[in-house]
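Chain by chain, the residues:
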Amino acid sequence: MQEKINELKKRIAEAIKDVNSSDTLFQIKMKFLGKSGEVSELMKGMRDVPKEKRPEIGMIFNALKLWAEEQFGKLDKAIKEKELKKQYAAEAIDVTLPGNTMRKGAYHPNTLVKRELISIFAGMGFTVFEGPEIENDYYNFTALNTPADHPARDMQDTFYITGDLLLRTQTSAGQIRVMEKQKPPIKILSPGKVYRSDDDATHSPMFSQMEGLVVDKGITLCDLKGMLDEFARKIFGDGVKTRLRPSYFPFTEPSVEVDVSCFECGGKGCRLCKGTGWIEVLGAGMVNRHVLEGCGIDPDEYSGFAFGMGIERIAMLKYGINNMKLLFEGDTRFLRQFKG
């Protein structure tokens, strides 16, 4: 037995003599000291040793195991120190070299426009309300005077989650929530993402809207026109004018489409305005009596106006972007143009 132990010691010493990798050393250690290693296999021979000699042989085996673990431990420590020094050398940084230039980030054009719009309307006394993106049919359609058979309710235009829950198609739903809980005077902006089943160069199934609502005594269409004139001048520049064209929206009566005089050609006619001198920017109108009544507001005492615009559309016009998808692709070459 002693001869076998001495032979095993020689083989362990020979096996680790030229090892210079901690991974290789671990494999050799498992070969000799693992559960199925050679030392364990040798110790199984204890069952053939007479009982009176087992304590003596057991001490020899323990001494062998302690010796082997000590050899492996010393070598492992030495190898890991060398490996660490090599790693430090490879990762060394020459502090005298020029540093890497960090490119400065930029706000997304949507964010720039959203902040500018909020700043403009906040200066006119508006506060911000953000409603939920998952709405129920009542707030998104019914309370906004949208009939049950209106095309906007169709599956091809609206993303339904259940029979009653849907991804909101307009931030106007937030206006209803405010009017239900707050008595006039009301002056709010409702920005946020909306969802519609539409996808081309100028439309996206997800986009951002900014809607506004004013409710008070004596509010008229003239108040809406004056506010829109101020908005147009501040967002597109001095000299820009607005015009109102009759339109239809279920929740406003009368309803209008709002155009601004082309800020590119000054109204003379160009590619941007398609030769008309005017550019459509948003929809608006006086809040429908039925909408006010449904929210518990007396339409004989109070009146109001509402307006809504697409933030992406304003960004595309303001910065001359010809494809809406550029706003969603995250291309840094495109976004880098909007550095402050």
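Rules and cut-offs
- Residues numbered from 1 in each chain as written.
- Predicted model: local features only at pLDDT ≥ 70, side-chain atom pairs only at ≥ 80, totals over all residues.
- Heavy atoms only, no water.
- Helix = DSSP H or I, 4+ residues; strand = E, 2+ residues; numbered from the N terminus.
- Rg over C-alpha atoms; globule rule 2.2 N^0.38 Å.
- Buried < 20%, exposed > 50% of the residue type's maximum accessible area, 1.4 Å probe, protein only.
- Contact = heavy atoms within 4.5 Å.
- Lys, Arg positive; Asp, Glu negative; His and termini not counted.
- Charge placed at Lys NZ, Arg CZ, Asp CG, Glu CD.
- Pairing = 2+ DSSP bridges.
- Axes fitted to C-alpha atoms, helices over the stretch in contact; angles between N-to-C directions.
- Expected span 1.5 Å × (residues − 1).
- Core = buried A, V, L, I, M, F, W, Y, C linked by side-chain atoms within 4.5 Å.
- 1 Å grid on protein atoms, 1.4 Å probe; cavity = no way out; pocket = protein on both sides within 12 Å on 5 of 7 lines; lining within 4 Å.
- Points joined across faces, edges and corners; volume = space filled by probe spheres on them.
- Nonpolar A, V, L, I, M, F, W, Y, C, P; charged D, E, K, R; others polar.
- Patch = residues over 30% accessible without salt bridge, like charges linked within 9 Å, V, L, I, M, F, W, Y side chains within 5 Å.
- Areas by Shrake-Rupley, 256 points an atom, 1.4 Å probe, with all protein chains shown as cover.
- Salt bridge = Lys/Arg side-chain N within 4 Å of Asp/Glu carboxyl O.

Q: Explain the overall build of the chain here, please?
A: The helix and strand tally for the chain stands at eleven helices and nine strands. Since a compact globule built from 340 residues should have a radius of gyration of about 20 Å, the 38 Å found for the chain marks it as more spread out than a globular shape. Per-residue burial over the chain gives 40% buried out of 340 residues. Pairs at least 24 residues apart make up 65% of the contacts formed inside the chain by residues separated by at least 6 positions. Across the chain, 49 positive and 48 negative side-chain charges occur, with their mean positions spaced 8 Å apart.

Q: Would you take a moment to explain the sheet that holds strand β8 (residues 278-287) for this structure?
A: Neighbouring strands of a sheet are bound in pairs by backbone hydrogen bonds; such pairs are parallel or else antiparallel. The sheet built from seven strands is open, its strands ordered β1-β4-β5-β9-β8-β7-β6 with mixed pairing. The open sheet has two edge strands with one neighbour each: β1 (127-128) and β6 (242-249). As paired elements, strand β5 (residues 206-216) and strand β9 (residues 303-310) share eight bridges and run antiparallel to each other. Looking across to β9, one finds that V214 is bridged to F305. Its contacts with the sheet place helix α7 (residues 172-181) against β4 (186-195), β5 and β9, and it is angled at close to 35 degrees to β5. Packing of helix α10 (residues 311-319) onto the sheet brings it into contact with β5, β8 and β9, and relative to β8 it is tilted by some 150 degrees.

Q: Please explain helix α4 (residues 54-90) as it appears in this structure.
A: Here α4 contains 37 residues, and its C-alpha end-to-end distance of 53 Å stays within 8% of the 54 Å for a straight helix at 1.5 Å per residue. Looking at α4, one finds that the buried residues are I57, G58, F61, L64, A68, F72 and I79.

Q: Looking at this model, I keep getting lost on the nonpolar core. Mind explaining?
A: Across soluble globular proteins, nonpolar side chains have a tendency to be buried as a group. Counting residues in hydrophobic clusters, the biggest one holds 37 residues, and the most contacted among them are L117, F121, M227, F231, L282, F307 and M309. Contributing elements (two or more residues each) for this core: α5 (109-122), β5, α8 (221-236), β7 (252-261), β8, β9 and α10. Sort the elements by how many residues they give to this core and α8 lands first, with seven residues. Not counting chain neighbours up to four residues away, the residues in contact with L282 comprise L228, F231, V256, E257, V258, F307, G308 and M309. Judged by nonpolar contacts, the second largest core, of 19 residues, contains A173, I188, V287 and C295.

Q: I tried to follow empty space enclosed by the protein on my own but got confused; where do I start?
A: Gaps left between atoms show up when a probe the size of a water molecule is rolled over them. Applying the stated criterion across every chain, the model contains one cavity of 30 Å³ or more. Taken as a whole, the largest cavity spans an internal volume of roughly 50 Å³. Along the walls of the largest cavity sit L144, Q175, I176, M179, L213, F251, T252, V287, V291 and A306, which together make up its complete lining. Examining the composition of the lining of the largest cavity, we find that three residues originate from one element, α7, more than from any other. Partitioned by chemical class, the residues of the lining of the largest cavity number eight nonpolar, two polar and no charged.

Q: For this particular structure, what's the right way to read the layout of surface pockets?
A: A volume near 240 Å³ is recorded for the second largest pocket. Forming the walls of the second largest pocket are 19 residues, and the residues nearest its centre are N110, K114, G192, K193 and S208. Of all the secondary-structure elements, those providing two or more residues to the lining of the second largest pocket are α5, β4, β5 and α10. Looking at the lining of the second largest pocket element by element, the count peaks at four residues for β5. Its residues assigned to classes, the lining of the second largest pocket shows six nonpolar, seven polar and six charged.

Q: Would you mind going over a nonpolar patch on the surface with me for this structure?
A: Among the surface-exposed residues, I134, I161 and L165 lie close enough to one another that they form a single nonpolar patch of about 250 Å² accessible area. In this fold, I134 is placed in strand β2 (residues 134-136). On the accessibility criterion, I134 (48% relative accessible area) is partly exposed.

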